[in-house]
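Single-letter residue listing:
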Amino acid sequence: MLRTPAAIAGAALAALMVVLAVIGPPIWGDAAELVNAGAILQGSSAAHPLGTDNLGRDLLARVLVAGRYSLQLALAAALIGASAGIVLGALPSVLPARAGRLVTGAVNALVAFPGLLLAMFTAVVAGLGARGAVLGIGAAIAPGFARLTQTLAASVSGADYVAAARMLRVPRHRILARHVLPNIAEPLILNLTQALGGALLGLAGMSFLGLGVQPPDYDWGRLLFDGFGRIYIHPEVALGPAAAIALAGIGFNLLGDALARRAARTPVRTPRSRQERPAAAADAGETEPGAVLDVAGLTVTFPSGVTPVRGVSLSVRPGEIVGLVGESGSGKSLTAAAVGGLVPYPGTVSHERLRLCGEDVANLSRKQLGTSLAMVFQDPMASLNPALKIGGQLAEVAVVHQGATREDARRRAVDRLGHVHLPEPEKQAARHPHQLSGGMRQRAVIAMGLMGDPKLIIADEPTTALDVTVQRQILRLLREVVEESGAGALFISHDIAVVGELCDRVVVMYAGRVVEELPVDRLADGAAHPYTRALISSLPDMDTDRALPLASIPGRQPAPAEVGAGCAFAPRCPLATGRCATDRPALEAHGHDHRVACWEAS
Amino acid sequence: MRRPLIRRLVRFAVSLAVLVLAAFAMIHLIPGDPVRASLGPAAPVELVETRRAALGLDLPPHEQLAAYVSGLVTGDMGTSFLTGEPVTAVIAARLPNTLALALLATVVALLAAVPLGMWAAVRTENGRNRGTEATFGSVTSAVVAIPEFLYAIALVAVFAIGLGLLPPAGKAGPESYLLPVLALALGPAAMIARIARVETLRVLGTDYVRLARAKRLPAARLHLRHVLPNTLTATLTLGGLLLGSLIAGSVLVEYVFAWPGLGGKIVEAITQKDYPVAQGVILVYGAIVLLVNLLVDVVLGVLDPTSAIKES
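Just so you know, the residues in each chain are numbered from 1, in the order the chain's sequence is written. Note on labels: chains are lettered from A, ligands numbered from 1, in written order. In keeping with the predicted nature of the model, local features appear solely for residues at pLDDT of at least 70, side-chain atom pairs appear and are counted solely at 80 or more, and the whole-chain, interface and lining totals rest on all residues.

By the naming in an unreviewed UniProt entry, chain B goes by ABC transporter permease and is assigned to Nonomuraea harbinensis.

Where an unreviewed UniProt entry is consulted, chain A appears under the name Dipeptide/oligopeptide/nickel ABC transporter permease/ATP-binding protein, with the organism given as Nonomuraea harbinensis.

Draft legend 1. Representation of the interface of chain A and chain B in the model. Contact definition: two residues whose C-beta atoms, as placed from backbone geometry, lie within 7 Å. Across the contact, 59 residues belong to chain A and 59 residues belong to chain B. Among the elements of the structure, helix H1 (5-33), helix H4 (115-126), helix H7 (172-208), helix H9 (236-263), helix H11 (366-372), strand E7 (373-376) and helix H12 (390-402) of chain A are those that each provide at least two residues to the side of chain A that touches chain B. Nonpolar residues are Ala, Val, Leu, Ile, Met, Phe, Trp, Tyr, Cys and Pro. Charged residues are Asp, Glu, Lys and Arg, and all others, Gly as well, are polar. Of the residues contributing to the side of chain A that touches chain B, the split by class is 44 nonpolar, eleven polar and four charged. Only DSSP runs of H or I with at least four residues qualify as helices, and only runs of E with at least two residues qualify as strands; both kinds are numbered from the N terminus onward.

Draft legend 2. Seen up close, H4 of chain A. Residues and elements named next belong to chain A. Expected helix span is given by 1.5 Å per residue-to-residue step, counting one fewer step than there are residues. Compared with the 16 Å implied by 1.5 Å per residue over twelve residues, the 16 Å span of H4 between its first and last C-alpha is a close match. The exposure label follows from counting other C-beta atoms within 10 Å of a residue's C-beta, where the C-beta atoms are placed from the backbone and the thresholds are 20 or more for buried and 12 or fewer for exposed, leaving partly exposed in between. Along H4, ten of the twelve residues are buried, which leaves the element largely enclosed by surrounding structure. Within H4, burial applies to Gly-115, Leu-116, Leu-117, Leu-118, Ala-119, Met-120, Phe-121, Thr-122, Ala-123 and Val-124. Trailing H4 by a residue or two, Gly-127 shows a phi angle of about 85°, which is positive.

Draft legend 3. Spotlight on helix H10 (residues 219-256) of chain B. With 38 residues, H10 of chain B should reach 56 Å at 1.5 Å per residue; the first-to-last C-alpha distance of 44 Å falls well below that figure. Count one or two residues on from H10 of chain B and you reach Ala-258 of chain B, which has phi positive near 45°.

Draft legend 4. Fine view of unusual backbone geometry. Residues and elements named next belong to chain A. Along the chain, Pro-215 connects to Pro-216 via a cis peptide bond; the corresponding omega equals 10°. If you trace the backbone, Pro-216 turns up in the loop between H7 and helix H8 (220-228). Phi at Glu-424 is positive, roughly 50°, even though this residue is not glycine. Residue placement: Glu-424 occurs in the loop between helix H13 (406-419) and helix H14 (425-429).

Draft legend 5. A look at the domain arrangement of chain A. For chain A, the assigned domains read domain 1 (5-264) and domain 2 (293-596). Where each domain starts and ends follows an automatic or database-derived domain assignment. The centre of domain 1 of chain A, based on its C-alpha atoms, is set 57 Å off from the matching centre of domain 2 of chain A.

Draft legend 6. The arrangement of the UniProt feature "transmembrane region" (unreviewed entry) in chain B in detail. What UniProt calls "transmembrane region" (unreviewed entry) maps, in this numbering, to residues 12-30, 99-122, 143-165, 177-196, 231-257 and 277-303 of chain B. Structurally, residues 143-165 of chain B comprises 78% helix and 0% strand, and the distance from its first C-alpha atom to its last is 24 Å. UniProt positions are given in the numbering used here, feature names are shortened, and annotations may be inferred rather than shown by experiment.

Draft legend 7. Summary view of the UniProt feature "transmembrane region" (unreviewed entry) in chain A. Residue and element names in this part refer to chain A. UniProt's feature table lists "transmembrane region" (unreviewed entry) at residues 73-95, 107-128, 188-211 and 231-255, given in the numbering used throughout. Between the first and last C-alpha atoms of residues 107-128 the distance is 27 Å; the span itself is 77% helix and 0% strand. As annotated, residues 231-255 has a helix share of 80% and a strand share of 0%, and its two end C-alpha atoms lie 32 Å apart.

Draft legend 8. Local environment of the environment of Val-87 of chain A. Residues and elements named next belong to chain A. Along the chain, the position of Val-87 falls in helix H2 (residues 59-90). Given 14 C-beta atoms within a 10 Å radius, Val-87 is considered partly exposed. Taking C-alpha positions, Val-87 is 8.7 Å from Thr-149, a pair spaced 62 residues apart along the chain.

Draft legend 9. Seen up close, the pairing of strand E9 (residues 488-493) of chain A. Residues and elements named next belong to chain A. Along E9, six of the six residues are buried, which leaves the element largely enclosed by surrounding structure. Every second residue of E9 is oriented toward a common face, with Gly-488, Leu-490 and Ile-492 on one face and Ala-489, Phe-491 and Ser-493 on the other, all of them buried. Where strand E3 (residues 321-325) and E9 come together, five bridges link them in parallel fashion. Each residue of the ladder has a partner; that of Gly-323, found in E9, is Phe-491. Here, any two strands with at least 2 DSSP bridges between them count as paired. With five bridges joining them, strand E8 (residues 456-460) and E9 adopt parallel strand pairing. Bridge pairing in E9 places Ile-457 opposite Ala-489. A crossover gets the label right-handed when its path from the first strand over the helix to the second runs clockwise, viewed with the strands pointing away from the viewer. Handedness of the crossover is the feature at issue here: the chain leaves E8, passes through helix H16 (residues 468-485), returns alongside E9, and the resulting connection is right-handed.

Right under this line is the structure:
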């Protein structure tokens, strides 16, 4: 719970303040009240490190003693604020809807209102002194607590047990008292520390203005008020109370932050495990002449030692659509990200060969990469920048990489939008992404890829988030774009049926490796790897007997960290032999344009 | 677009009405006779009676409220018990100084904090540079935790008294703004920097930034054009709300620097029981806070094209 250094420091400071509040008055109480007419208004000296006040009393002792009163007042204000806030926050769930909304509205209006203003209001009404200040600061804390209670209560109200209680017609106040409040008590209590810190600083501020604690009582704020008047002659007399307020403020805030965060139950990061060298890449194969994409031995490793992509080799020829299929977790999307140079930190990419149009990607400039590589992602709702107009987002490729003027770039953007069959491209270019439908946005993203001179289009599940009829249109558009531009495309999908329809060649991945690569016309009856065959046979068709359960592959794909020495598919494979468990089969030629990694392939 | 704006204006009007009511009620909530409380037990009965009559406290409450509201409309907020000056004149003389301080501090805080937060986010994205992340986190939370009046006192002690570089108090030349603005801006700046970092991290993880990266845009263009606008909604909302609390914080800072603004005046008015001035200044402070919140919402509606949809 107190894992970070900041939280530990906060807890230590807060504990120190509590200890001071307990032992301060009994130990230094007498010294703090000792009037010494011979030592009034002194600066720092050996006898009085922080000087003396106008009655010759030792200021260090007074600072140490004042801790108790400061903390007591802060606690009182925090408790008043929290109780009032919890009542205010719970009211809307008990009151009739209309009255509840009124309370919510009032709370929302008050939350934005600075606490000090409320405190000054009560100071006027209740008169100067600790009582008015405590009431005021309490009133200032209440709206925040009310808001918190509402939020927490709303999250609990959605729970099944509350729904069940409601179904049983349990009265609302009873639901609140029995089901809601006990379940939100912990976060509320944890947030009290933050409120305590806020109250302490607020009260110090009020006393410092002379609006809070009045003599002969004194808290830190009052001591600072007295010391501030003498700051020109003896700056050190202000130092003690200022330091006390600052330390207490920091302590309770840091601790409060940590506790509040715990209350919000943010997941805790797991520590990084040892670094592991990327596994040696395998099966480099030969260079494919004329290919737009030529990859060999592509490996992606994370510092924890996990290697989700292991020595992948594949190629895409101009005008060809290559489907990359596999279950989620097979490493297909990460392979695409690695080709596009978009693997997130701290992943590292190594490869024997990674060439775009025959050129090593390391030698390609940003401009070449930016114009020759187009990417399309899964969710068109998320892949356009909501703050920028469609036209502008398209045009910038031309402006940045091709040195086009804004006007030329805009004209080209409109032209590209028309090219992907967006109706009224001129109008769409002037719109923001949220004004377009999902299918239209995916067209706009494809048009963005066409702004340059794309050689390779990487489409990572581009139709998964779209509904079926729109899917079809987008697939047709992709096909059209590839045929027209002569670019190659890498089409990532988990749907082998879609791949079978759209692609020329299929690459099947399993647990980070390519297990089979074959022309699409052989997919239906020429697949050699048992995994590919299992994928095909799990597809229902018109002749599937609906009385039988749908075919599925028993077991599950191993996680990247679990992959052993043998064939990763062996545990699920009906053909597996002893050799499969210990020796991994290499990807080898299996007829024309067909490669497979299996000992038992036939 | 229109509808949320109208709803927002209605909410503002209601809040303002409640505020005026509260300011009016303030004097009536004071236990006993406010005039007697103000003048003290030794004051002659005639003086108390004259004051009561001048304040209209002899009238029935609804007539008093009507008089108070019509006074506000014509710019009459009563006269100071202490100096006999019209409250409106007192406020008019001091309000510009307070606003100058608060606005400057807000601008300084935003200009310093947004780039700092973005820088921290870019450096700590996906958990790289854990050291920077930890330092940023603890420094900003410590800076947030220290109240502005302590900064003010420390700045006075070091730069005005210790080094003698800057004036310790009062409003003279441009240099007299330096310390108060700094004292006011530090806390909000740390707060905004934290939010800006979190928001930037969120935006950096989105698909549209991934796509922008795939377009190989230069870092400056990526961050300024694609990331920054999408972080501003939350950052400005918070910045606006902080301006509200900054106005309250300015009371303390003005007090430390003997700044000729509303802050010093309200402290004096409350301690001296000069109720008309206290009432007027609190009303003005409250109205400023409401106005700032309204402005933040309107500006957001213009800046963020999707917020209009979210509201409806």
